[in-house]
Each structure stands twice: as C-alpha cells, then as structure tokens.
There are 2 protein chains.
Amino acid sequence: MTRYYKEYDEHLVALDCIIFGFDEGELKLLLLKRKFEPAKGEWSLMGGFLSKSESLDEAASRILNQLTGLSNIYMKQLSAFGEIDRDPGARTISVAYYALIKIDENDRLLAETHGAEWISITKLPALIFDHSQMVDKALEALRRRTSREPIGFELLPVKFTLPQLQSLYESICGEQLDKRNFRKQILETGLLVKLEEKDKESSKKGAFLYKFDHRKYNSYVEKGFLFQLKVRSGQIIKENNGNVLDIQE
Amino acid sequence: MTRYYKEYDEHLVALDCIIFGFDEGELKLLLLKRKFEPAKGEWSLMGGFLSKSESLDEAASRILNQLTGLSNIYMKQLSAFGEIDRDPGARTISVAYYALIKIDENDRLLAETHGAEWISITKLPALIFDHSQMVDKALEALRRRTSREPIGFELLPVKFTLPQLQSLYESICGEQLDKRNFRKQILETGLLVKLEEKDKESSKKGAFLYKFDHRKYNSYVEKGFLFQLKVRSGQIIKENNGNVLDIQE
DNA sequence: CACTTTAAGTGTAAGATATACACTTGTAAT
DNA sequence: ATTACAAGTGTATATCTTACACTTAAAGTG
C-alpha cells in the first residue's frame, strides 16, 4: 500500500468494553482490577490496544473474548474518547464499545481468573481515567436502544419468563412497570413464543418460559416495521459509593 | 508525561465532518472536491488529521473552522470508523462528527474559495472511501436527535417563520407534516417567541417571525422536562445519481 | 389433608394524545 | 376591484396510555 499523509502525528488507539450482564434481578457490569501501571490495582473497564492488522470492531471483539472467552456477542460502538490527558500513561484515543452478555451462558470462572467481577450498576466503584464517563454514556445508549430494538433478550438466557423480562426492563429504565401493561405490550409485538415448560425458580406456581422469535423479528425489520417499547429514560438511582454521579460528560 | 504502553502500534487518526445546512427548503451537505491524492478530484467530506496537541473535539472544530470560518457551531461526534482498508492512502482511523450550520450566517464565499459546495441530500454524488456510509449514519443520528432535542433551530436563522421550520422538519424526517398539527405541537412547547415582524420573502401576506427561547429551554432541561417531537424516522428518498443507497453499514 | 403463602396470570374503563380535515385572512400584483 | 397565493386557525374522532384488583397454581406447614 502506498503510504500518503506522511507528515501527520500517529496515536495509540485503545478499546474499552462496557460489558453488561443481568443476574439476580440486577443489571451488572463486568469490571476488573487493573494489572499494570499506571493506576495498577484500581477498578477499570476491560481494555486493550488496536493493532495495525485489525479493524476497530475486530479489536473490540478480540478484547471481549480475551476476558470472557465468548464470541459472537452483541456489541456496539459507543463513542470515541479523545481528551488529551484522559490516560496519564500516554496520549491515547479510546474507542468504547458496549457488549450485552447472557451471564448464564458465560463461564464465570474464566472471568474470575482474570480478576474480573460482575458489579451491580447501582453499586459501581470509582473507575480509572474517564471510564465512569464511558459507563454513564453506555447506560444512556442502552436505555435509548432498548426502546427502539429488542436487545433485552441479549441479556437473558434463550428461555426466560415474563417476570424476568420485566425485571430486566425495569433495571434498564430504572423504574417500576405495571405488570399487566408490560405483558400486554410485549406480547402484542408477537415476537415472543410461549413454551410448554415452566420455570419454578422463583415461585411455587412457576412461570411459563418464552423464547424470542429472532426469525420473525428479522422479517419485520426487513419489512420496515418498527419495534417500539414505551420505556422511559428514567435514571437508575446510584448508591453513593462511587464517583459515577460526579463525572459529567 | 511518563510514557507507558511502548509496545503498541500507533495510528493516523483522521476527523471527517458531515456539515448540514438548510437552504431553499432543502437539507444540504457541504461537500468538497478532494485536492490531494489519493482520490484527488472526487467528492469528499471535509476532513483532516488529529495532532498530538488537541482533543478529538478540538480537532473537529478546527477542521470545520478551516472550511467555513465559523466557530461555536453545534457539533456532535457521530462514530469512529476503523476498517483496515477504509482509506487507501494509509491505515487511518476516522472519527466522524456532524455539524449543524445556519447557512445564512455563513460566508458562502469562503466555502466556495475552498471548492466546497452545498448539495441537497436528495442529490448526493458518490463520495470517496466510506464517506457515504458516514453520511447515512449522520442522517439517522440527526433524525433521531431531532425528535429528542430542539436542534432544528441550529439550522435556521435566529429569526424564522413557522412555515420555514415545518419545511425543515419535513426535510429531516422525509415526510409531509400537517400544518395545523405541526403548529399546535411546536407552539405547545412554549419555546417559541412570536415577534412583531413578518417575513415577506415567500408570500404576499407574510409570515410572522419567531425566535427560539434558548434560555427557557435550558431551564426546562435542568428541571428534567423533555422535549419530544413526534417526528417519525421516515426515509429521505434519494434520487438515483449517487451510491448512497448501495453502501451498507 | 386443609390451610397458608407466594408469585403468576388476567381485562376493562377513563383519560390523554394523535390524527384528519377545510375555510378565512392579508397582501401584492394586475 | 379582482385575482392569486401562502399564512393562519379549531374541532371531532380514533387511538393509545394508564390505572387498577382479583383469581390461580403449587409448594410448604401444622
């Protein structure tokens, strides 16, 4: 490849992953304690550097895979972060991605070997650099996207109950939803398939399991029908043991 | 600054600006013919390279200013583009920004000296590299943001008429709106101030001029009130003289 | 085995919002 | 004085959103 643009500065390009999961009725992030300087030992997002031989999307997937062992994960670019002093280690541009993981299917041990932990978004610790900013922005993006696209299912096992789904939506949008209205709305989409089985984890009666009909959804998308949930962008109330509230974008 | 991360690749980081304007009842983009290799002479977005001494946002503003002479312009980061071969000149990460400009206030001559032209989004030519993809994505982002935030006013002169405003919204969302419903909705927000003056450009009767009440809007935002317009994300129909439709993200 | 406990599951009516729709007004040009 | 043109205005209907409380199924308990 002929090389033009010789006279311009080159930069380190990092990738940081905001990894969402849903477990025990709570929306969680996979965070780890940084293993190298600067800021060794502090809480951080999973990150890494872009190499010449990969695209941004590929690099983000690689980094997610290193931590979780997972591939083919729902991942979207959030934004590039480029303040001059954002990383005290060196001038670094960071491109943040967020990922949605089904914690059930995940090898929890693998995450633990890397010193990673699933932490509820209501109890986030202070994070290094501008990572808290990234998390705030990712939460906003997740909320907005949730109302436009049925991405909640990326966070649940393949088979899930309606109470689970409702609880997930409540965690994402940060407010209580009416059970009957929620069920009516979500079933009206025609995208859920009711199974014969029940899940008896959380009640004696048991709740019917459902599957999301990806096939039908894709055909709707092609036809231009829109998925729309009336999920308001209420704030998730954060407990006061982190700096998430302090850092403004 | 101590330099960590020595072992990682460095990359050129470019910025590309999707510059929106509204003129003659049409949503337009400021495009220019590229003055250097590769792809010299082809239509392109305004772009430039990030230097060590500036943040991404600063660089984007600098580049916009170089072309238009304008500063303090509404500008948002769209996304980073990082396919390996996206720029045949060299491996380059590009961070795209979109800007909203009041064409009236703009020195049209300055744009012309740079060989730039305002081109209707319904008549876009083929663009270099992945710039058409960037434009498509910027249009989507503009439509979505328009329904959440009163950014339309960034594209109009300080004083504007309701028919102008309606025409702008129609251009953005790509469909006709009902005059009475539109006026009712937009006036209900309480964010428009009716002036005594009339604009007689487009009718004998003349249409009253209005101003957007930025102050009131900011106080609403602080109080958490939301601006919401029911602007559907209809597609803007593109005429068949560009490749905008062909490139998929 | 009857009783208690727990969460799952179900429908409707009232209020709010969105939509469709047609005539009058003001002014310049002829 | 007449015509032509876009600006400006209100209401009724349909649709969507919201609020709300009891019944059901099954396991655990005495």
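Rules used throughout
Residues numbered from 1 in each chain as written. Chains lettered and ligands numbered in written order. Predicted model: local features only at pLDDT ≥ 70, side-chain atom pairs only at ≥ 80, totals over all residues. Heavy atoms only, no water. Helix = DSSP H or I, 4+ residues; strand = E, 2+ residues; numbered from the N terminus. Buried < 20%, exposed > 50% of the residue type's maximum accessible area, 1.4 Å probe, protein only. Contact = heavy atoms within 4.5 Å. Areas by Shrake-Rupley, 256 points an atom, 1.4 Å probe, with all protein chains shown as cover. Near = heavy atom within 4 Å. Polar contact = N/O pair within 3.5 Å; in protein donor to acceptor, adjacent residues only side chain to side chain. Nonpolar A, V, L, I, M, F, W, Y, C, P; charged D, E, K, R; others polar. Least-squares fit on C-alpha atoms with pLDDT ≥ 70 in both. Pairing = 2+ DSSP bridges. Salt bridge = Lys/Arg side-chain N within 4 Å of Asp/Glu carboxyl O. 1 Å grid on protein atoms, 1.4 Å probe; cavity = no way out; pocket = protein on both sides within 12 Å on 5 of 7 lines; lining within 4 Å. Points joined across faces, edges and corners; volume = space filled by probe spheres on them. Axes fitted to C-alpha atoms, helices over the stretch in contact; angles between N-to-C directions. Parallel < 35°, antiparallel > 145°, perpendicular 65-115°, else oblique. Buried area = accessible area lost by both parts, 1.4 Å probe. Patch = residues over 30% accessible without salt bridge, like charges linked within 9 Å, V, L, I, M, F, W, Y side chains within 5 Å. Lys, Arg positive; Asp, Glu negative; His and termini not counted. Charge placed at Lys NZ, Arg CZ, Asp CG, Glu CD.

## Quick look at the overall build of chain A
What chain A contains, in helices and strands, is six helices and 10 strands. Taking all 249 residues of chain A together, 51% fall into the buried category. A sequence separation of at least 24 residues applies to 70% of the contacts in chain A between residues at least 6 apart. Of the roughly 12400 Å² of accessible surface on chain A, 47% is carried by carbon and sulfur atoms.

## A short note on the protein's contact with DNA strand C
The immediate surroundings of DNA strand C are formed by 22 residues, with Lys 179, Arg 183 and Phe 208 of chain A together with Lys 205 and Lys 230 of chain B found nearest. A share of 41% is what sugar and phosphate atoms reach among the atoms of DNA strand C within 4 Å of the protein. Within the side chain of Lys 184 of chain A, a nitrogen or oxygen atom sits 3.1 Å from a base oxygen of DNA strand C. Lys 205 of chain A has a polar side-chain atom sitting 3.0 Å from a base nitrogen of DNA strand C. Counting only elements with at least two residues in the surface near DNA strand C, the list comes to α5 (179–188) and β10 (207–212) of chain A together with α5 (179–188) of chain B. The element best represented in the surface near DNA strand C is α5 of chain A, accounting for five residues. Grouping the amino acids of the surface near DNA strand C by side-chain chemistry returns three nonpolar, five polar and 14 charged.

## A look at the relation of the copies chain A and chain B
Between chain A and chain B, which share one sequence, the superposing operator has a rotation angle of 180° and an axial displacement of 0.0 Å; the RMSD is 0.1 Å. Read as a symmetry element, the transformation amounts to a two-fold axis. Here 100% of the contact residues of chain A are again contact residues in chain B; the copies associate through an equivalent surface.

## Quick look at the sheet that holds strand β9 (residues 192–199) of chain A
All names here are of chain A. Read across the sheet, three strands follow the order β8-β10-β9 without closing on themselves; strand pairing throughout is antiparallel. Every interior strand has two partners, whereas the edge strands, β8 (160–161) and β9, have only one. Where β9 and β10 come together, five bridges link them in antiparallel fashion. From the neighbouring strand, Lys 198 faces β10, where its bridge partner is Phe 208.

## What about the pattern of salt bridges?
Applying the stated criterion across every chain yields a total of 14 salt bridges over all chains. Two residues, Glu 197 of chain A and Lys 159 of chain A, come together in a salt bridge whose shortest N-O distance is 2.8 Å. On the criterion of sequence distance, the pair formed by Glu 197 of chain A in strand β9 and Lys 159 of chain A in the loop between α3 (131–148) and β8 is long-range, its members being 38 residues apart. Assessed through its relative accessible area of 38%, Glu 197 of chain A is described here as partly exposed. A salt bridge links Glu 149 of chain B to Arg 145 of chain B; the shortest N-O distance between them is 2.8 Å. Through salt bridges with shared partners, a single network forms among Asp 16, Arg 86 and Asp 130 of chain A.

## Thoughts on the protein's contact with DNA strand D
Near DNA strand D there are 22 residues, and of these Lys 205 and Lys 230 of chain A together with Lys 179, Lys 205 and Phe 208 of chain B occur at the shortest range. Of all DNA strand D atoms lying within 4 Å of any protein atom, the proportion belonging to sugar or phosphate reaches 41%. For DNA strand D, a phosphate oxygen lies 3.0 Å from a polar atom in the side chain of Arg 183 of chain B. At a separation of 2.9 Å, a base nitrogen of DNA strand D approaches a polar side-chain atom of Lys 205 of chain B. Listed by contribution, the elements that provide at least two residues to the surface near DNA strand D are α5 of chain A together with α5 and β10 (207–212) of chain B. Here the element with the most residues in the surface near DNA strand D is α5 of chain B; it accounts for five residues. In terms of residue class, the surface near DNA strand D is built from three nonpolar, five polar and 14 charged.

## Some words on the sheet that holds strand β9 (residues 192–199) of chain B
The sheet built from three strands is open, its strands ordered β8-β10-β9 (chain B) with antiparallel pairing. Edge positions in the sheet fall to β8 (160–161) and β9 of chain B, since each of these pairs with one other strand and no more.

## What to know about the layout of surface pockets
Residues and elements named next belong to chain B. The computed volume of the second largest pocket comes to approximately 520 Å³. Around the second largest pocket, the lining comprises 28 residues; the ones closest to its centre are Arg 34, Phe 36, Gly 47, Gly 48 and Phe 49. Elements represented by at least two residues in the lining of the second largest pocket include exactly β1 (10–23), β2 (26–33), β4 (46–49) and α1 (56–68). With four residues, the top contributor of residues to the lining of the second largest pocket is β4.

## Structural notes on the packing of helix α4 (residues 162–173) of chain B against α5 of chain B
Residues and elements named next belong to chain B. Following both chains from N to C, one finds α4 and α5 inclined at 100°, their axes separated by 11 Å at the closest point. Overall, the two elements α4 and α5 adopt an arrangement that is roughly perpendicular. On the side of α4, the interface is formed by Leu 162, Pro 163, Leu 165, Gln 166 and Tyr 169, while α5 contributes Lys 179, Phe 182, Arg 183, Ile 186 and Leu 187.

## Digging into the interface of chain A and chain B
Between chain A and chain B, the contact holds 46 residues from the first and 46 residues from the second. Summing both partners gives a buried area of about 3800 Å² for chain A against chain B, and 59% of it is carried by carbon and sulfur. Considering only the side of chain A, the residues that lose the most area to chain B are Tyr 5, His 11 and Lys 52 of chain A, jointly responsible for 19% of the buried surface there. At the boundary of chain A and chain B, one finds zero salt bridges. On the surface where chain A and chain B come into contact, there are 25 residue pairs in polar contact (both at pLDDT 80 or more). Of the residues in the side of chain A that touches chain B, the class split is 20 nonpolar, 11 polar and 15 charged.

## Here we look at a negative patch on the surface
A cluster of acidic residues, Asp 57 and Glu 58 of chain A together with Glu 83 and Asp 85 of chain B, forms a negative patch on the protein surface. By the secondary structure assignment, Glu 58 of chain A is in helix α1 (residues 56–68).

By themselves, these figures tell us nothing about what the structure is for.
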